[in-house]
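# Overview (structure and organization)
As a plain string of letters, each chain reads:
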Amino acid sequence: MIDLKSMTPEELAAWFREQGEPAFRAKQVFQWLYRGAVSFDEMTDLPKVLRQKLEEHCFLTAPQVARKQVSAQDGTIKYLWRLSDGNCIETVLMRYKHGNTVCISCQVGCRMGCAFCASTLGGKVRDLTPAEMVDQVLFTQLDSGEPVSNIVLMGIGEPLDNMDTVLKFLTLVNQPNGLNIGMRHISLSTCGLADQIDKLAQHRLQLTLSVSLHAPDDETRSRLMPVNRSVGVEKLMAACRRYFQTTGRRISYEYAMIDGVNDSDWQAELLARLLKGTPGHVNLIPLNDVEESPLKPSRRVAAFQRRLEGHGVTVTVRRKLGGDIDASCGQLRRKAMAQTLGRNDGRKEADIP
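Residues numbered from 1 in each chain as written. Predicted model: local features only at pLDDT ≥ 70, side-chain atom pairs only at ≥ 80, totals over all residues. Heavy atoms only, no water.

Check the secondary structure of the chain and you find twelve helices and 14 strands. Counting across all 353 residues of the chain, residues that qualify as buried make up 57%. Relative to all contacts within the chain whose residues are 6 or more apart in sequence, the contacts with residues 24 or more apart total 66%. Only carbon and sulfur atoms are counted for the fraction: they give 48% of the accessible area of the chain, which is about 15400 Å². (Helix = DSSP H or I, 4+ residues; strand = E, 2+ residues; numbered from the N terminus. Buried < 20%, exposed > 50% of the residue type's maximum accessible area, 1.4 Å probe, protein only. Contact = heavy atoms within 4.5 Å. Areas by Shrake-Rupley, 256 points an atom, 1.4 Å probe, with all protein chains shown as cover.)

Another aspect to go through is the sheet that holds strand S6 (residues 99-103). An order of S3-S4-S5-S6-S9-S10-S11-S12-S13-S14 is seen for the ten strands of this open sheet, with the pairing classed as mixed. The outermost strands of the open sheet, each flanked by one partner alone, are strand S3 (64-70) and strand S14 (314-317). Between one strand and the next, the sheet's axes are offset by a mean angle of 20 degrees, whatever the strand orientation. As defined by bridge partners, strand S9 (residues 150-153) adjoins strand S10 (residues 186-190) across three bridges and the pair is classed as parallel. Bridge pairing in S10 links Val-152 to Ser-187. Across the sheet, helix H4 (residues 130-144) is in contact with S3, strand S4 (77-82), strand S5 (88-96), S6 and S9; its angle to S4 comes to roughly 125 degrees. (Pairing = 2+ DSSP bridges. Axes fitted to C-alpha atoms, helices over the stretch in contact; angles between N-to-C directions.)

Another aspect to go through is helix H6 (residues 194-201). Three or more residues of H6 are buried, namely Ala-194, Gln-196, Ile-197, Leu-200 and Ala-201. The buried side chains of H6 occupy one side of the element, clustering within an arc of 160 degrees when seen end-on. (Arc of directions from axis to C-beta.)

The next point concerns H4. Taking 1.5 Å of rise per residue, the 15 residues of H4 would be expected to cover 21 Å, and the 22 Å separating its terminal C-alpha atoms lies within 8% of that figure. Of all the bends in H4, the largest measures some 25 degrees and sits at Gln-136. Counting buried residues along H4, 13 of its 15 residues qualify, which places the element largely inside the surrounding structure. Within two residues after H4, Gly-145 carries a phi angle of roughly 75 degrees, on the positive side. (Expected span 1.5 Å × (residues − 1). Bend = angle between axes of the 7 residues up to and from the residue.)

Turning our attention to the nonpolar core. A general feature of soluble globular proteins is that nonpolar side chains tend to end up buried together. In terms of nonpolar packing, the biggest core is built from 99 residues, with Leu-4, Leu-54, Ile-151, Phe-169 and Leu-308 touching the most fellow members. Broken down by element, the residue count for this core peaks at seven residues, all from helix H5 (residues 163-173). Beyond its immediate sequence surroundings of up to four residues, Leu-54 is in contact with Leu-4, Trp-15, Phe-16, Val-29, Phe-40 and Leu-46. (Core = buried A, V, L, I, M, F, W, Y, C linked by side-chain atoms within 4.5 Å.)

Moving on, we come to unusual backbone geometry. Notably, Asn-180 is not glycine yet its phi reads approximately 55 degrees, a positive angle. Relative to the elements of secondary structure, Asn-180 occurs in the loop between H5 and S10.

On to the confidence of the model for the chain. Note that predicted coordinates carrying low pLDDT should not be read in detail. When pLDDT is averaged across the chain, the result is 92; 90% of the residues are at 70 or more. Of the regions scoring below 50 in pLDDT, residues 343-353 engages in 24 contacts with residues more than four places distant in sequence or in other chains. (pLDDT = per-residue confidence, 0-100.)

As enumerated under the stated definition, the model contains zero disulfides in all. You can see Cys-191 has no disulfide; the closest cysteine sulfur is in Cys-114, sitting 5.5 Å from it. (Disulfide = S-S within 2.5 Å.)

What follows concerns the environment of Thr-44. With respect to the helices and strands, the residue Thr-44 is situated in the loop between helix H2 (24-33) and helix H3 (48-57). Here Thr-44 falls in the exposed class, since its relative accessible area comes to 58%. For the pair Thr-44 and Gln-28, spaced 16 residues apart in the sequence, the C-alpha separation amounts to 10.0 Å. Apart from residues no more than four positions distant in its own chain, Thr-44 is found in contact with Trp-32 and Arg-51.

Here S9 shows two buried faces, one formed by Asn-150 and Val-152 and the other by Ile-151 and Leu-153. Note that S6 and S9 share three bridges and pair parallel. When the sheet's bridge partners are listed, Val-102 is paired in S9 with Ile-151. Handedness of the β-α-β unit built from S9, H5 and S10 comes out right-handed. (Right-handed = clockwise from strand over helix to strand, strands pointing away.)

So, about the packing of aromatic side chains. For the structure shown, the criterion picks out four aromatic pairs. Ring centres of Tyr-79 and Trp-81 lie 4.8 Å apart, and the angle between their planes is 10 degrees; this geometry places the pair in the stacked category. Since its relative accessible area comes to 0%, Tyr-79 is described here as buried. It is Arg-35 that lies over the ring of Trp-32; its NZ or CZ is 4.4 Å from the centre. (Phe/Tyr/Trp six-rings, centres within 6.5 Å; stacked < 30°, edge-to-face > 60°. Lys NZ or Arg CZ within 6 Å of the ring centre and 35° of its normal.)

Below is the structure:
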């Protein structure tokens, strides 16, 4: 079966020509896909014979809302989407003065093992398809009634661990006749796969690369992020410098502030030295309190910020959204699985009601 929504307009046109259909049918279908059509019968400007043919050979992705939480504090909406195979992923809609931002997932689960993240607690199940990534933006808009102007790839999964799909997704959301979201309105977050950062740089995309650093020294970072054991801070920072030299795009360094772990003065000093000479900025993140984790939010965010700024480092503190709705990455999926499945009864995510 053919996944039409994972095709670019050019690929759709080529496929329709192979089927003996005029290429303009591809444009019609593409427009229907990005209106949120969930069946071929909705595509009323296509001949009935063609709709039947598409039904026989193709399929349309359309996630179902498994759970939805709306923050009473700031209007943030968190979706738990059920995919066609029963697996679940999360998407978050956040409202800012500059427009609405949607945070999307790229994998079902994650294999990176970061100690502070709920997404990785069940491991990686599978990669998402380009269509399943597009659907998170599209159906969040349709369900909420809110237009989306910005996308962050910071949900469940590691984008550079599913790189081909992510690159295809970026091409699709950039299409003028589709979602038409420009690269400068997209941020991609990675835990620091240095070789993949080099590969991404070769595409010279105008997106914002966010590197989840979270510690400036190998001992602390390896404890928090197992990926660091094979990469190391120096190798990662070298890849970041190459990325800037190739793309001209400054990097955002994400830094979750964890009490007594990575928030000391000496770590702020070391972080400032690491960033010296390479344009970028540090985004300090007040840690969300994940029930299953012993790591707790730092009480030294302001002091850490002042010390970095004293060295000329550009620093922001992320606004905390959705604190009352399990807005941390992976929390809602994990809670839904635990509540329904228990810990070890052997059922799958498809059994979540």
